[in-house]
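# Summary of the model geometry
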Amino acid sequence: MSRVPVYLDHAATTPLDARVLDVMLPYLTAVYGNPSSQHAFGQEARRAVLRARTQTAALIGASPEEIYFTSSGTESDNWALRSIAAVRRAAGCRHIVTTAIEHAAVRETCRMLEGRGFSVTYLPVDGAGRVAPSAVAAALRTDTALVSIMTANNEVGTIQPIAEIGALLRTRGIPLHTDAVQAAGHIPLDVDMLGVDALSFSAHKFYGPKGIGVLYIRRGMRLPPLLYGGAQERDMRAGTENTAGIVGCGCAAECAVAEMRAEEVRLRADTELLRARLGTIDGIAFHGDPQTRLAGILNFGIKGMAQDTLLIRLDLAGFAVSAGSACSAGAVHPSHVLRAMGCTDEEAQRAIRVSLGRQTKRSDVDAFADAVLQIASEVH
Ligand code: PLP
């Protein structure tokens, strides 16, 4: 029987933690009541949703009443941007500031808003993928409706100076949204320290279930509902709750709060080890901020080695990693993130992303490094 591949693509999604599955199961079987129902079945489901809202809020230092469950990080990003833009447009503001390295969930929403009369500034980043707070300040206009800047990048892991940006926007009274889908559950986040008004995240990126996203909306921000219908999510997102998913999100958040610091230290040590071993390869280039980045992500390319060749060779060797760039209709487009960081098309097209996670063992990292060194030795 062939060996089970080693999963090194945790930035794409994480496996469900066994503890999370355990707490979810009763809500898929015995506790099937609708949280809106008044009888005992409903009451028990409602209590579970309430508990999960509190656990989820604690992950980002928010109050439970500021947490709205959605179906994904993408939905949360869409809701935040579209609703803040709509409210601010009514006040005559039609300018949005974001970055050139956002995930498609933000980028495409901004493009859609451009089509509806907004002008959007896509801020550049430096070679490490960082946005300068001074560039944010310089981009602001009297009609700036909102600023949306990701907390950490999904391709290279670079963490943005959100707290600094939040502080400067506060003085200008401009709302700040951050896409924290990669960061939540992995680095400590506190909405007050960050100074954000809206923050999106998604349970499947921190060992929770797929199909559950979260939008934090600061108390006092009056935004229109995402969906109209029943009174779920305090009249803001109608539709019967995904009780099991919400319970899973709460449990995953609680586990992350308890374990993220120790996990970060371990992941950083393992990623550094990998970086050191791969650093001996001729023509290797690492992308992303060496210090200020998510502990588990390493993005690199090897000169003379096409991305798809490397990915296929690694797949054959039993390692699941991913490309740094999106592939559509058979054509590999260079990553917009790496291009924004100053890489040439060729450099961007050979980059791959390795992302370690909770169940990655040191021996997996060693075996992966051996495999890359072996593959590289055959081309050089
Ligand atoms: N934003 C970032 C930075 C992401 O990495 C992702 C997913 O990869 C998303 C948004 C979308 O999240 P979801 O998969 O929950 O829709």
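See above for the structure.
Residues numbered from 1 in each chain as written. Predicted model: local features only at pLDDT ≥ 70, side-chain atom pairs only at ≥ 80, totals over all residues. Heavy atoms only, no water.

### What about the sheet that holds strand S7 (residues 198-202)?
Overall, mixed pairing links the seven strands, which are arranged S2-S8-S7-S6-S5-S3-S4 in an open sheet. The two strands at the open ends of the sheet, each matched to only one other strand, are strand S2 (67-70) and strand S4 (119-123). Across the sheet, the mean angle from the axis of one strand to that of its neighbour is 20°, orientation sign disregarded. Sheet topology note: the strand S6 (residues 176-179)/S7 ladder contains three bridges and is parallel. By the bridge assignment for S7, Asp179 is matched with Ser200. Sitting on the sheet, helix H2 (residues 40-59) touches S2, S7 and strand S8 (213-217), and the angle it makes with S2 is about 105°. (Pairing = 2+ DSSP bridges. Helix = DSSP H or I, 4+ residues; strand = E, 2+ residues; numbered from the N terminus. Axes fitted to C-alpha atoms, helices over the stretch in contact; angles between N-to-C directions. Contact = heavy atoms within 4.5 Å.)

### Some points on the pattern of salt bridges
Scanning the model with the defined rule gives 22 salt bridges in all. Across the pair Asp17 and Arg358 runs a salt bridge, and its minimum N-O distance is 2.7 Å. Residue Asp17 is located in the loop between strand S1 (6-7) and helix H1 (18-28), and its partner Arg358 is located in the loop between strand S15 (352-355) and helix H13 (362-379); the two are separated by 341 residues in the primary sequence. Using a relative accessible area of 10% as the deciding quantity, one classes Asp17 as buried. Residue Glu259 is joined to Arg19 by a salt bridge in which the shortest nitrogen-to-oxygen separation is 2.6 Å. One end of the pair, Glu259, is in helix H9 (residues 243-278); the other, Arg19, is in helix H1, and 240 residues separate them in sequence. Taking the relative accessible area as the measure of exposure, Arg19 reaches 36% and is therefore partly exposed. (Salt bridge = Lys/Arg side-chain N within 4 Å of Asp/Glu carboxyl O. Buried < 20%, exposed > 50% of the residue type's maximum accessible area, 1.4 Å probe, protein only.)

### Some remarks on the state of the cysteines
Enumeration according to the criterion identifies zero disulfides in this entry. Considering cysteine sulfurs only, Cys110 is the nearest to Cys93, which forms no disulfide, with 15 Å between them. By relative accessible area, which is 8% here, Cys93 ends up buried. Its sulfur unpaired, Cys251 is 4.2 Å from the next cysteine sulfur, which belongs to Cys255. (Disulfide = S-S within 2.5 Å.)

### Things to note about a nonpolar patch on the surface
The grouping of Leu16, Leu21, Leu25 and Leu28 at the surface amounts to a nonpolar patch, some 330 Å² of accessible area in total. Position of Leu21 among the secondary structure elements: in helix H1. (Patch = residues over 30% accessible without salt bridge, like charges linked within 9 Å, V, L, I, M, F, W, Y side chains within 5 Å. Areas by Shrake-Rupley, 256 points an atom, 1.4 Å probe, with all protein chains shown as cover.)

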